[in-house]
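Inside the fold
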Amino acid sequence: MAWSNYQRILAVIMVTTGSFNTLSVKYADQQIAPGEDGVPRHFNHPFMQSSFMFVGEMMCFIMFKILYYYYSRRGDNSIDNNPLTKGSRVYNPFILLIPALCDTCATSFMYIGLNMTYASSFQMFRGAVIVFTAVLSMGFLNRKLCSREWFGIVMVILGLVLVGLSDVTMEDSNINRNSILTGDLLILCAQIVTAIQMVVEEKFVTVQNISALEVTGWEGIFGFICICILMIPLNFIHAPPPFADNSRGTLEATKDAFIQIGNSRNLMMAIIGISFSIAFFNFAGISVTKEKSATTRMILDSIRTIIIWVFSLAFGWQKFHYLQLIGFSILLIGMSFYNNVIIPQLLRKCIYRLCRHRLPSNDQDQIINTAADDVQEST
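The shown structure was predicted, so the numbers you read here are calculated from the model rather than taken from an experiment.

All right, on to the confidence of the model for the chain then. Averaged over all residues, the pLDDT of the chain is 83; the fraction at 70 or higher stands at 90%. The least confident element of the chain is helix α14 (residues 361-378), whose mean pLDDT is 50; the most confident is helix α9 (residues 254-262), at 94. When the criterion is pLDDT under 50, residues 375-379 qualifies, and its contacts beyond four places in sequence or with other chains add up to 2 contacts.

A word on a nonpolar patch on the surface. The grouping of M268, M269, I272, F276 and F280 at the surface amounts to a nonpolar patch, some 490 Å² of accessible area in total. If you trace the backbone, I272 turns up in helix α10 (residues 265-291).

Right, let's get into the packing of helix α5 (residues 129-140) against helix α6 (residues 147-169). Contact pair α5 / α6: the axes reach a minimum separation of 10 Å and the direction vectors enclose 140°. Each of V131, A134 and M138 in α5 lies in contact with α6, whose residues at this interface are W150, I153, V156 and I157. Residues of the contact of α5 with α6, tallied by class, amount to 7 nonpolar, no polar and no charged.

Glancing now at the packing of aromatic side chains. This structure, assessed with the given rule, holds 11 aromatic pairs. For the ring pair F151 and F337, a centre distance of 4.9 Å and an interplane angle of 75° mean the geometry is edge-to-face. Of this pair, F151 sits in helix α6 while F337 sits in helix α12 (residues 322-339), placing them 186 residues apart in sequence. Classification of F337 as buried rests on a relative accessible area of 15%. Both rings, one in W218 and one in F222, keep their centres 5.7 Å apart while their planes meet at 25°; by these two values the pair is stacked. Of the two residues, W218 and F222 are both situated in helix α8 (residues 212-234); the distance of 4 residues between them amounts to about one turn of the helix. With a relative accessible area of 10%, F222 lands in the buried category. Through a chain of ring-to-ring contacts, three or more aromatic side chains come together here, namely F61, F94, W218 and F222. It is R248 that lies over the ring of F236; its NZ or CZ is 5.6 Å from the centre.

So, how was this worked out
- Counting restarts for each chain, with residues numbered from 1 along the sequence as it is written.
- At least 70 in pLDDT is required for a residue's local features to be given in this predicted model, at least 80 for side-chain atom pairs to be given and counted, and no such filter applies to totals for whole chains, interfaces and linings, which use all residues.
- With hydrogens and water stripped out, all remaining heavy atoms of the structure feed into the side-chain values.
- Per residue, pLDDT captures the predictor's confidence, and it can take any value from 0 to 100.
- Helix numbering and strand numbering both begin at the N terminus, where a helix is a DSSP run of H or I of at least 4 residues and a strand a DSSP run of E of at least 2.
- By definition in these notes, contact holds between two residues if any of their heavy atoms fall within 4.5 Å.
- Residues qualify for a patch when their relative accessible area is over 30% and they have no salt bridge, like charges being joined within 9 Å and the nonpolar side chains of Val, Leu, Ile, Met, Phe, Trp and Tyr within 5 Å.
- The Shrake-Rupley method, run with a 1.4 Å probe, gives the accessible areas here. Residue values count only the displayed protein chains as cover.
- The working definition used for a salt bridge is a side-chain nitrogen of Lys or Arg within 4 Å of a carboxyl oxygen of Asp or Glu.
- Between N-to-C directions, angles cover 0 to 180 degrees, with each direction set by a line fitted to C-alpha atoms, over the stretch in contact for helices.
- When residues are sorted by character, Ala, Val, Leu, Ile, Met, Phe, Trp, Tyr, Cys and Pro go into the nonpolar class, Asp, Glu, Lys and Arg into the charged class, and all the rest, Gly among them, into the polar class.
- What counts as a ring pair is set by centres within 6.5 Å for rings of Phe, Tyr and Trp (its six-membered ring), and what kind of pair is set by the plane angle: stacked under 30 degrees, edge-to-face over 60, tilted for all other angles.
- Under the scheme applied here, a residue whose accessible area is under 20% of the maximum for its type counts as buried, over 50% as exposed, and between as partly exposed, the area being computed with a 1.4 Å probe on protein chains only.
- Lysine and arginine charges are scored as sitting over a ring when NZ or CZ, respectively, is within 6 Å of the ring centre and within 35 degrees of the ring normal.

Now the structure itself:
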């Protein structure tokens, strides 16, 4: 099916803002500014970064209400035809509470991990969500995996192992190997929670046909409330670096974070970039899922990984390692097989053309019919 101009714009927004968001978070982690005690430190506040992310998502809810009011005043039924406002109006917002809780936990873990490892590895390890989503789908959605999907999962796991090996063997005097390994493991653990979020959204949210702006907005509201409540005890729980590298030595220091932001213009710009980019990214991601498919969203996410990797190398945030390139290539092949896009389709075309030239006419007809059936099943 051909892409409309609206769908192309969504794809560009998703890739651009998604890449910018991850790079903004990593850029904020690398900023050094004086905190509450006047000592310059890196901005190590992953839970505060999560709260800024949810603030960005809440802006989508405000935008939806403005658009809803505007189109409803026109009285020409454009409210049900505009892609930004169309969708079901009868639903219980609390069905989005569980996905928001999952998003809160997953994002916090991932931001802690990103502070310890490389931005490109952070994005690549997010591909592990395929493995955990497939396992949970079999248990809760009664889904059966075919041999192609199992092969894709195995390739994804192999690619992740190689990426992990590249992280611990990469020569970088600025980052501790134990810290890198801990960060990678935290990101992997976060993918389990993200997989739960995806399964819950598929089971309860997608069937409701809710506007993408509303979904993003409600998850932002619930997520912001949850992270604010969570940060209260975190301000009093002491932990050693790198988990608590702030003036108070606690897992989170809210006042210290705001003082650092006020003392650094670059840090302020990074925080603004985090809030606005995540709003556009989540809206575009949910819209791509509704307009095209979750498979398309995952392919675009892979493109985002390449952009983040190139920028990390260009800005000197990490060094090139051949294992990471091999691991990412295998990871991409595994994702392609699991989602039955690009590589499996090219293989089928090559096999079809090869058999067409070598087999007699009767066998050619059989091959053509088989290929036609495969195409019909894939669509």
